Amino acid sequence: MDAQRAPVDRTSLSWQRTAAHSALVALVAAATALQLGEPLVGIVAASLAMVALVVGATTPRVRRSTADRRDPWPLMLRTLAVLLASSVVALTLVVTVALDR
């Protein structure tokens, strides 16, 4: 394995893991909303979490053959989309619970 290409693979996998972890956080928040008796928030949150999970799971890996021509922006934008969806889910849950009390 070429030592110069290894960081490319690790960076690509890092973005994939970040997106997947964020989507799973959104899924846990959706389950929490359902357990707290907020079915509308839970359903919307679960939908957003599933979209985020699909976006994170379909993030393409950088191939070693194209490492020199890779553009990191698509990976970063996909991860940003997943993080934003997860943030919306978590904030919606917090606001809904806070307003019910």
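Provided above is the structure to which this section pertains.
Now for a description of the structure that goes with this document. (Residues numbered from 1 in each chain as written. Predicted model: local features only at pLDDT ≥ 70, side-chain atom pairs only at ≥ 80, totals over all residues. Heavy atoms only, no water.)

## A word on the overall build of the chain
The cut-off we apply is this: Per the convention used, a helix needs a DSSP run of H or I reaching at least four residues, while a strand needs a run of E reaching at least two, with both numbered from the N terminus. Note on classification: 1.4 Å probe, protein chains only; a residue is buried when its accessible area is under 20% of the maximum for its type, exposed when over 50%, partly exposed between these limits. The contact rule is simple, with two residues in contact once any of their heavy atoms fall within 4.5 Å. Throughout, the Shrake-Rupley method with a 1.4 Å probe supplies accessible areas, and for residues the shown protein chains are the sole cover considered.
For the chain, the helix and strand inventory stands at three helices and zero strands. Each helix and strand of the chain, placed in order from N terminus to C terminus, yields the pattern α-α-α. Residue burial in the chain is summarised as follows: out of 101 residues, 31% are buried. In the chain, once contacts between residues fewer than 6 apart in sequence are set aside, the share between residues at least 24 apart is 75%. Just so you have it, the chain exposes about 6500 Å², and 67% of that area is on carbon and sulfur atoms.

## Overview of the environment of Ile 43
With respect to the helices and strands, Ile 43 occurs in helix H2 (residues 39-57). Taking the C-alpha atoms as reference points, Ile 43 and Ala 31, twelve residues apart in sequence, are found 9.0 Å from one another.

## Re the packing of H2 against helix H3 (residues 73-100)
Condition: Each axis is a line fitted through C-alpha atoms, taken for helices only over the stretch in contact, and angles between the N-to-C directions span 0 to 180 degrees. Small angles under 35 degrees read as roughly parallel and large ones over 145 as roughly antiparallel, with 65 to 115 read as roughly perpendicular and the rest as oblique. Crossing chirality is assigned from the near helix's rotation relative to the far helix, an anticlockwise turn below a right angle marking it left-handed and a clockwise turn marking it right-handed. The nonpolar class holds Ala, Val, Leu, Ile, Met, Phe, Trp, Tyr, Cys and Pro. Asp, Glu, Lys and Arg form the charged class, and all remaining residues, Gly among them, are polar.
With their axes 9 Å apart at the nearest point, H2 and H3 run at an angle of 165° to one another. Overall, the two elements H2 and H3 adopt an arrangement that is roughly antiparallel. For the element pair H2 and H3, the recorded crossing hand is left-handed. The segment H2 lies against H3, with Val 41, Ala 45, Leu 48, Ala 52, Val 55 and Gly 56 engaging Arg 78, Val 82, Ala 85, Val 88, Val 89, Thr 92, Leu 93 and Thr 96. Taken together, the residues of the contact of H2 with H3 break down into ten nonpolar, three polar and one charged.

So far we have only geometry, and geometry alone does not tell us how the molecule works.
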